[in-house]
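Residue-level structural notes
Here is what each chain is made of, one letter per residue.
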Amino acid sequence: ARELLSMLKGKEDVTADGKHIKLYANIAGVGDVANVLANDAAGIGLFRSEFLYLEAEDYPDEETQFLAYKRVAENMAGKKVVVRTLDIGADKQVDYFNLDKEENPAMGYRAIRICLDRPEIFRTQLRALIRASAYGEIAIMYPMIISVEEVLKIKAIVEEVKKELDEQGIRYGNFEQGIMIETPAAVMMSEELAKEVDFFSIGTNDLTQYTLAMDRQNMKLDTMYDPHHPAILRMIRMTIENGHKGGCWVGICGELGADTTLTETFLKMGIDELSVSPSFVLPVRKIIRETKVK
Ligand code: PEP
Ligand code: MG
């Protein structure tokens, strides 16, 4: 099977009846890019930027971040790189953030909530990302969104950062902005959210946790935590439909996106993108090429 899969390198991600799919890979650091290219992914659909913060002793400065994002953008040579802004808190703790201990960290002070509450941290990351957009096909993705208001606040900060860069004569490219759909609130608001962004990426890991009210890290619930629950599949369908109505492309970057028993289902729902661990790119490509969506 390994030989057969390797024959799929260089082949297009297109269904048996001609629909082109974006088949991207997830990475957690600059070092993973080689693996993305070796597995022939067409882009990076989720670059978890937390590593920059987790591996540092103090807040990573703009230049450190800029160089990391620029390197990934350049190494991907014009292929899309979706960088997710800081998703710290809950399961990902960093000492220098001095976050309080919380009763329910998964439902606590995390991700975009921290970024909007402490905009100086957010601005540094946005400046680095927007500057890196001059060197490749960067897209920026915001995690843990629950409302249109959050997106409007984010977009206002992005506009301020762009204006600041303009004034300083610092160049940048065009970049898409999108959100993770990983809370039930975001699914329910997806029709309105789609009007504000360029793309949706469904985070099935957190979406399953919040929909089923089951801690994704609780080993006792391991056999009950079921991302195949019909509630999750309905939410995915609804997100795709509402995303398309608003002109967004819609992908899945949670683990479920790599589940080849569901690839056909996702394709028939109209999914545009799947972002999977590098080792799943070729197995998923195989199914895409065998499936008819009509
Ligand atoms: C998700 O929640 O599905 C996701 C892709 O993000 P993370 O696993 O990093 O929370
Ligand atoms: Mg998540």
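Computed from a predicted structure; not experimentally measured.

Rules used throughout
Residues numbered from 1 in each chain as written. Chains lettered and ligands numbered in written order. Predicted model: local features only at pLDDT ≥ 70, side-chain atom pairs only at ≥ 80, totals over all residues. Pairing = 2+ DSSP bridges. Helix = DSSP H or I, 4+ residues; strand = E, 2+ residues; numbered from the N terminus. Axes fitted to C-alpha atoms, helices over the stretch in contact; angles between N-to-C directions. Buried ≥ 20, exposed ≤ 12 C-beta atoms within 10 Å, placed from the backbone. Contact = placed C-beta atoms within 7 Å. pLDDT = per-residue confidence, 0-100. Near = placed C-beta within 6 Å. Nonpolar A, V, L, I, M, F, W, Y, C, P; charged D, E, K, R; others polar. Core = buried A, V, L, I, M, F, W, Y, C linked by C-beta atoms within 7 Å. Parallel < 35°, antiparallel > 145°, perpendicular 65-115°, else oblique. Left-handed = near helix turned anticlockwise from the far one by under 90°. Right-handed = clockwise from strand over helix to strand, strands pointing away.

This part covers the sheet that holds strand S5 (residues 176-181). With respect to topology, eight strands assemble into a closed barrel ordered S1-S2-S3-S4-S5-S6-S7-S8, the strand pairing being parallel. Between one strand axis and the next, the sheet turns through 25° on average, direction left out of account. Here strand S3 (residues 80-84) runs beside strand S4 (residues 137-142); their pairing, made up of five bridges, is parallel. In the sheet register, Arg 84 faces S4, and the bridge partner there is Met 141.

A separate point is helix H10 (residues 204-212). The set of residues buried in H10 consists of Thr 204, Asp 206, Leu 207, Thr 208, Gln 209 and Tyr 210. Against S5, helix H8 (184-188), strand S6 (199-202), helix H11 (230-245) and strand S7 (249-252) lie the buried residues of H10. Just beyond H10, the residue with positive phi is Ala 213, at close to 55°.

A word on the confidence of the model for the protein. Averaged over every residue, the pLDDT of the protein is 96; residues scoring 70 or more account for 99%. At the low end of the mean pLDDT range in the protein sits helix H1 (residues 2-6), at 79; at the high end sits S6, at 99. The ipTM for the predicted assembly is 0.99, set against a pTM of 0.97.

On to the site of ligand 1. Taken together, the residues surrounding ligand 1 are Leu 46, Arg 48, Asp 87, Glu 182, Gly 203, Thr 204, Asn 205, Asp 206, Cys 253 and Gly 254. Mapped by element, the contributors of at least two residues to the shell around ligand 1 are strand S2 (43-48) and H10. With three residues, the single largest contributor to the shell around ligand 1 is H10. In the shell around ligand 1, the residues fall into two nonpolar, four polar and four charged.

A few words on unusual backbone geometry. Despite not being glycine, Asp 40 has its phi angle at roughly 65°, a positive value. Here Asp 40 shows up in the loop between helix H2 (33-38) and S2. We classify Asp 40 as partly exposed; it has 18 C-beta atoms within 10 Å. Despite not being glycine, Asn 98 shows a phi value in the positive range, around 50°.

Turning next to the nonpolar core. The biggest cluster of nonpolar side chains holds 78 residues, and the ones touching the most others in it are Tyr 69, Val 81, Ile 138 and Ile 179. With six residues, helix H6 (residues 119-132) is the largest single contributor of residues to this core. The residues touching Tyr 69, leaving out its near neighbours within four places in the chain, are Val 83, Ala 128, Leu 129, Ala 132 and Ile 138.

Packing of H10 against H11 brings their axes to within 10 Å, and their N-to-C directions diverge by 125°. Classed by the angle they form, the pair H10 and H11 counts as oblique. Crossing hand, H10 versus H11: right-handed. On the side of H10, the interface is formed by Thr 204, Leu 207, Thr 208 and Thr 211, while H11 contributes Ala 231, Ile 232 and Met 235.

So, on to the pairing of S2. In the sheet, strand S1 (residues 22-27) pairs with S2 via three bridges, with the strands oriented parallel. Residue pairing across strands places Ile 27 opposite Phe 47, the latter belonging to S2. Assessed by its sense of winding, the connection that carries the chain from S1 through H2 to S2 is right-handed.

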